[in-house]
Structures are given as structure tokens and as C-alpha cells.
Amino acid sequence: DKAPLSKSLLLVPSAISILLTLLFQHYQKFFAYNLQAIKEDFQIWRLVCGRTICLDLKDTFCSSLLIYNFRIFERRYGSRKFSSFLLGAWMLSALFDLLLVEIAQYIFGITINNLPSGFLGPVFALFVPFYSSIPRVQVTQVLGHFSITNKTLVYILGLQLLTSGSYIWILALSGLVSGICYNSSILKVHRILYVPSWVAKIFSWTLEPIFSSAEPTNEVRVGMGATVDIQRQQRMELLDRQIMMSQVAQMRRQRQQQGGMINWNRLFPPLRHRHNANYQDHRPSEQDTPPPTEVSEEQVARLMEMGFSRGDALEALRASNNDLNVATNFLLQH
């Protein structure tokens, strides 16, 4: 729901890949990512076909699962911004593919004529915003040392996709570099490679009704934002918060069973009580006011992405001495 572009990328290339593998194998040659044909015969159309449809069902399965998990970015940023990221990452990764192949041939003497086909470059590029903007919440531990978080499964899928082919590491490296370049505030790539508004409107009128899903009837309604992008962001923030609350509740149950549960109410007064006290007194006394603590704006932004207000984020970070995990758990429980 609220991710038509992710849905189309999950369904259409997967369906074509299955048809090419099972029924139309003699057409697979048109979707091969043949670098020799691109460079020597100038078959530029192979960049489009070879870098869109997977010819290996294992790659199709793993990339589809990753796109399904990365739909969070379309819900959070909107379809146009998400499509702009995919377009920029696709174009940049195509350039880096050719550069890395030339570098491998020049340094190691390896001649690479074919690379794995599929929408793999942008998929690997999405790991960059996933690593930097999605908070890490511990779910459990294995053998008492290895932490399992809400991001572990996605990284395992990426590792599985990375080990599925001989030269897929080139696609992974070019995708990661393109994601870093597109996200960089210094290079300003996002101001050059983006989807124009008129193109976004055309696809919104034609394709979005086909791949849009009806809003779930049991979805908790939130306040309506001023724009469609804000409404999508509000719903995504609510979903993120519900997921994290369920994970924190599971952590609390495990710690209670182990006898190591931390009493947050004893360490920090609830935020609601603080707000009510401030509202009644209008102005807190100077003796009760703790000394101000320097708060990282990056951590405040991460908490605000989860749906918390700036005031609550600042108060939680100050109370937890700038510990992001403690502040997140504190806000979710209060």
C-alpha cells in the first residue's frame, strides 16, 4: 500500500523473468547484459534490457524481496523522489559498471564481456539510505554476543544476492558508489538526475491507478497532511513506529524473563508528566531545570523520522546523554 512504483518493480520484471526462463528461453539473448556488444557494436538498447530484467531466478527472488523491504523509502519520500533516486542510481551505476570493467582489465588482466542481468545496480544503491536513515533496533541476541536487529534480514538478503554470481560484485560496488554519489550533499547529483514533474504526473495518471492498492480498512487513521507526500510520510512514520513498538515490547519480555529489565520510569519521568507539569506551572523553577546538554542534530533528525516531535526528541536525548538507542526505547515506552 502507498508504494505503486515498488509494486510495479516487484511484479513486472519478476513476471517477465519467469516467462523468459520457463517459456521464452530463445528470447533471453535480447536481455543479456553484453558489454562487448555495447562497446563494439554500439547496442545501447542492451543497457535498458540487460539492466532491467534478471535472467537468473535466484537473482529475481532476492532482488524482489529487497525491493519489497525498500518500499519504505517510497512511502516516506513519495513516488517521484523515490523514482528520481532509482533513475539516478541506474544511470550512475551503468557508468561505473563500464569503468570497473576497464579497471579490472587494466590492473588484473581480466576480460569481462558479460555481467549478470537485472535491476541490480539500483537495488544495491538503496542500501546506502537504508544504512544511513533507518534506525537500528536490537531484536534479540544469538549466543549472547551476536545481535539480531530489524535490519539483519535485509543485509542477509543482500549478501545472498552478492554471492549468486561470479561478477555480481562489480554491480554491487557500482551500485553502492552510485548510491553514495546520489545521496551526497556535496556533489548535488540529485539536482541533475531527477524525474521532471510533468513525467511524474503522466505516470501518476496512467500507471499509478493500475498498481495502487486500496487502503486497508483496519489502518489507524492519522491527521491529513497538506500534500500527498506528507500524507504518505505520516502513514509511513506511523507504521514504522508500530513496528518498532512491537520489537521493543518483545525486548522487554525477554529482559523480564532474564531478570534484567530496566525500569525506565525510575530513571526518567514520563514525558507526558513533564509536559503537564510545565503546562500547569507555565514556567519551571530554575532549581528544577537541569543544565542543558549538547544534542546531535543528526540524532534528532533520526528520531523525528520515526514520528516523534522535535521537542520530545531533544528531551529524550538530553535525558539519555545522547544515547540514540536509549532515547528511542524511552520515547516508544512513553
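Calculation criteria
- Within every chain, residues take consecutive numbers counted from 1 along the sequence as written.
- In keeping with the predicted nature of the model, local features appear solely for residues at pLDDT of at least 70, side-chain atom pairs appear and are counted solely at 80 or more, and the whole-chain, interface and lining totals rest on all residues.
- Water and hydrogen atoms were dropped before computing side-chain values, which therefore reflect all heavy atoms in the structure.
- Centres within 6.5 Å are what make two rings of Phe, Tyr or Trp a pair, Trp counting through its six-membered ring; a difference in plane orientation under 30 degrees is then read as stacked, over 60 as edge-to-face, and the rest as tilted.
- Only DSSP runs of H or I reaching four residues or more are called helices, and only runs of E reaching two or more are called strands; each is numbered from the N terminus.
- Throughout this description, buried means an accessible area under 20% of the type-specific maximum (1.4 Å probe, protein chains only), exposed means over 50%, and partly exposed covers the range between.
- For this analysis, a nonpolar core means a set of buried residues of the types Ala, Val, Leu, Ile, Met, Phe, Trp, Tyr and Cys, connected via side-chain atoms within 4.5 Å.
- Residue contacts are counted whenever heavy atoms from the two residues lie within 4.5 Å of one another.
- Salt bridge criterion: a side-chain nitrogen from Lys or Arg within 4 Å of a carboxyl oxygen from Asp or Glu.
- UniProt positions are given in the numbering used here, feature names are shortened, and annotations may be inferred rather than shown by experiment.
- Think of each axis as a best-fit line through the C-alpha atoms, taken over the contacting stretch in the case of a helix, with angles from 0 to 180 degrees between the N-to-C directions.
- Put simply, angles under 35 degrees are roughly parallel, angles over 145 are roughly antiparallel, angles from 65 to 115 are roughly perpendicular, and the rest are oblique.
- In a left-handed crossing the near helix is turned counterclockwise from the far helix by less than a right angle, and in a right-handed crossing that turn is clockwise.
- Here the term charged refers only to Asp, Glu, Lys and Arg, the term nonpolar to Ala, Val, Leu, Ile, Met, Phe, Trp, Tyr, Cys and Pro, and the term polar to all other amino acids, Gly among them.

A. Geometry of the packing of aromatic side chains. In this structure the tally under the stated criterion is ten aromatic pairs. With a centroid separation of 6.3 Å and an interplanar angle of 35°, the aromatic rings of Y27 and F30 are classed as tilted. Aromatic side chains F70 and F130 sit 5.5 Å apart centroid to centroid with 65° between the ring planes, which places their arrangement in the edge-to-face category. Taken together, the residues F70 in the loop between helix 4 (57-69) and helix 5 (71-77) and F130 in helix 8 (residues 127-133) connect sequence positions 60 residues apart. Here the two residues F70 and F130 agree in accessibility, since each one is buried. Chaining the aromatic ring pairs together yields one cluster made of F70, F73, Y77, F124, F127, F130 and Y155.

B. Quick peek at the nonpolar core. Within the largest apolar cluster, 44 residues are counted, with the highest numbers of intra-cluster contacts made by L66, F70, F73, L115 and L161. Those elements that place two or more of their residues in this core are helix 2 (35-40), helix 4, helix 5, helix 6 (79-108), helix 7 (120-125), helix 8, helix 9 (152-162) and helix 10 (168-183). With ten residues, the top contributor of residues to this core is helix 6. Ignoring any residue separated from it by four or fewer positions in sequence, one finds F70 in contact with F82, V123, L126, F127, F130 and V154. V295, L303, A313 and F330 belong to the second largest nonpolar core, which has 13 residues in total.

C. Spatial organisation of the pattern of salt bridges. Evaluated as defined, the whole model comprises four salt bridges. Note that E102 and K39 form a salt bridge whose closest N and O atoms lie 3.1 Å from each other. Of this pair, E102 sits in helix 6 while K39 sits in helix 2, and the two are 63 residues apart along the sequence. In this structure, E297 and R310 form a salt bridge, with 3.0 Å as the shortest nitrogen-oxygen distance. Highlighted residues: E297 in helix 16 (residues 297-305) and R310 in helix 17 (residues 310-319), separated in sequence by 13 residues. Overall, R310 belongs to the partly exposed group, its relative accessible area being 37%.

D. Region of interest: the UniProt feature "transmembrane region" (unreviewed entry) in the protein chain. Per the UniProt record, "transmembrane region" (unreviewed entry) is found at residues 6-24, 85-108, 114-132 and 153-177. Between the end C-alpha atoms of residues 6-24 there is a gap of 25 Å, over a span that is 89% helix and 0% strand. The straight-line gap between the two end C-alpha atoms of residues 85-108 is 32 Å; of that span, 100% is helix and 0% is strand.

E. Spotlight on the environment of L159. As for its placement among the helices and strands, L159 is situated in helix 9. Measuring from C-alpha to C-alpha, the distance between L159 and C62 comes to 9.7 Å, with 97 residues separating the pair along the chain.

F. A look at the packing of helix 6 against helix 10. The interhelical angle for the contact between helix 6 and helix 10, taken along N-to-C directions, is 130°, at an axis separation of 8 Å. For the element pair helix 6 / helix 10, the angle class is oblique. As helix 6 packs across helix 10, the resulting crossing turns out to be right-handed. From helix 6, S84, F85, G88, A89, L92, S93, F96, D97, L100 and V101 reach across to helix 10, where they touch I170, L171, L173, S174, G175, V177, S178, G179, C181, Y182 and N183. Grouping the constituent residues of the contact of helix 6 with helix 10 by class yields twelve nonpolar, eight polar and one charged.

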